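# Architecture at a glance
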Amino acid sequence: MINTLLELKEVSYKNKNNFTLNKLSLRIKSGEKIALLGKSGAGKTTLISILNGTLKPNKGRVKLFNTEFDKLNLHQKIRISTIWQDLRLIEDLSAEQNVNCGLLGKQSFLFAFKNLLNISSFNKAHQYMQVCNLKKSIFSKNIRKISGGQKQRVAIARSLIQESDILLADEPFNNLDPKLTSNIKNLLLITKNKNKIKVPNTTLISLHRLDLLDGFNRIIGMKNGEILFDLEKTKLKKYHLNKIY
Ligand SMILES: Nc1ncnc2c1ncn2[C@@H]1O[C@H](COP(=O)(O)OP(=O)(O)OP(=O)(O)O)[C@@H](O)[C@H]1O
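Just so you know, the residues in each chain are numbered from 1, in the order the chain's sequence is written. Only residues with pLDDT of 70 or above have their local features reported here, since the model is predicted, and side-chain atom pairs are shown and tallied only from 80 upward, although totals for entire chains, interfaces and linings are computed over all residues. Calculation of side-chain values draws on the structure's entire complement of heavy atoms; hydrogens and water are dropped beforehand.

## Brief notes about the confidence of the model for the protein
So the rule is basically this: Scored from 0 to 100, pLDDT records how confident the predictor is in each individual residue. Each helix corresponds to a stretch of at least 4 residues labelled H or I by DSSP, and each strand to a stretch of at least 2 residues labelled E; elements are numbered beginning at the N terminus.
In this model, the protein carries an average pLDDT of 93, and 98% of its residues clear a pLDDT of 70 or more. Between the elements of the protein, mean pLDDT differs from a low of 84, seen in helix H4 (residues 109-117), to a high of 98, seen in strand S3 (residues 33-38).

## Re the site of the ligand
Our working rule: Note on definitions. A residue lies near a molecule or strand when any single heavy atom of the residue is within 4 Å of it. Two N or O atoms form a polar contact when they lie within 3.5 Å of each other; inside protein one atom must be a possible hydrogen donor and the other a possible acceptor, and for residues adjacent in sequence the pair counts only when both atoms belong to side chains. Computed with a 1.4 Å probe, the accessible areas rest on the Shrake-Rupley method; for each residue, only the protein chains presented here act as cover. Ten residue types, Ala, Val, Leu, Ile, Met, Phe, Trp, Tyr, Cys and Pro, are classed as nonpolar, four, Asp, Glu, Lys and Arg, as charged, and the remainder, Gly among them, as polar.
Around the ligand lies a shell of 14 residues, among which Ser-40, Gly-41, Lys-44, Thr-45 and Thr-46 are the nearest. At a separation of 3.0 Å, an oxygen atom of the ligand approaches a polar side-chain atom of Asn-15. One of the side-chain N or O atoms of Lys-44 is found 2.8 Å from an oxygen atom in the ligand. Burial of the ligand by the protein amounts to 64% of the accessible area it has alone, namely 640 Å². Among the residues making up the shell around the ligand, the classes are represented as two nonpolar, nine polar and three charged.

## Brief notes about the side chain of Thr-82
Our working rule: Only protein chains enter the accessibility calculation, which uses a 1.4 Å probe; a residue whose area is less than 20% of its type maximum is buried, one above 50% is exposed, and one in between is partly exposed. Whether two residues are in contact is decided by their heavy atoms: any pair within 4.5 Å suffices.
Position of Thr-82 relative to the elements: it lies in strand S6 (residues 80-83). Under the relative-accessibility criterion, Thr-82 is labelled buried at 15%. A polar contact is formed between the side chain of Thr-82 and the side chain of Asn-52, at a distance of 3.0 Å. If sequence neighbours within four positions are ignored, Thr-82 has contacts with Ile-48, Asn-52, Ser-159 and Leu-168.

## Brief notes about the nonpolar core
The line we're drawing: Think of a nonpolar core as a cluster: buried Ala, Val, Leu, Ile, Met, Phe, Trp, Tyr and Cys residues, connected wherever their side-chain atoms sit within 4.5 Å.
Counting residues in hydrophobic clusters, the biggest one holds 47 residues, and the most contacted among them are Val-154 and Leu-188. At the level of elements, S3, helix H3 (95-100), helix H5 (123-131), helix H6 (148-160), strand S7 (166-170), helix H7 (178-189), strand S10 (226-232) and helix H8 (238-244) are the ones that each hand at least two residues to this core. Core analysis: the next-biggest nonpolar cluster, separate from the first, contains 28 residues, Leu-6, Ile-28, Phe-65 and Phe-69 among them.

Okay, structure coming up:
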């Protein structure tokens, strides 16, 4: 199908703890805003890691833009970005250097080297950091010296600056106060924004808070490594939620 961006076909995966994803099939189409629900340990992070190619399934196929992951070139791979639950920031670098790391897939080795030496341009990084409600005073601060909510937004800015087509976000509202949660949720789900930055049009977000489901159009519920429901948001009923919690 032409507008299918990401596809899992009968994917099975087993990790060292014997946690398994069993024959999952899933298609993510352009423009979808998907909420991924499930109790702690249900397998949301594992599924996201399969979707972005970080984990290789034991069986089944994963395709991005109708091409198997192994056959993708770098230019195609950077069309998917991820906000990791554990953020994966580089602790020895500043906030703005970390955000610039989101550009590495598109930039030259010289840019990466200059970023490491802290002599690269930060104009674009600052634009994305401002949109993520980060104040100028923290731009050049070391990651170790900023708060959890600030780190969370640095990780979000780093993934948005990549200007990918698909965003996978693992509990991106962690550590954010109610106002910031609302701002960041609007930023991630409303593609046309007043700041004129490019936000991925297709989004899958794992989350625990059911009060944040407005704005999503598809809901996937997981339990014990299985998808128990996958439906339009308008069809979600309490009994679906009872199945997974
Ligand atoms: N690196 C790992 N090695 C071995 N087992 C792991 C690893 N990471 C996660 N697991 C196990 O895999 C299972 C699924 O974990 P996963 O992180 O995918 O769940 P989750 O739904 O994202 O949970 P949460 O909501 O708490 O983030 C859990 O039983 C977990 O203990």
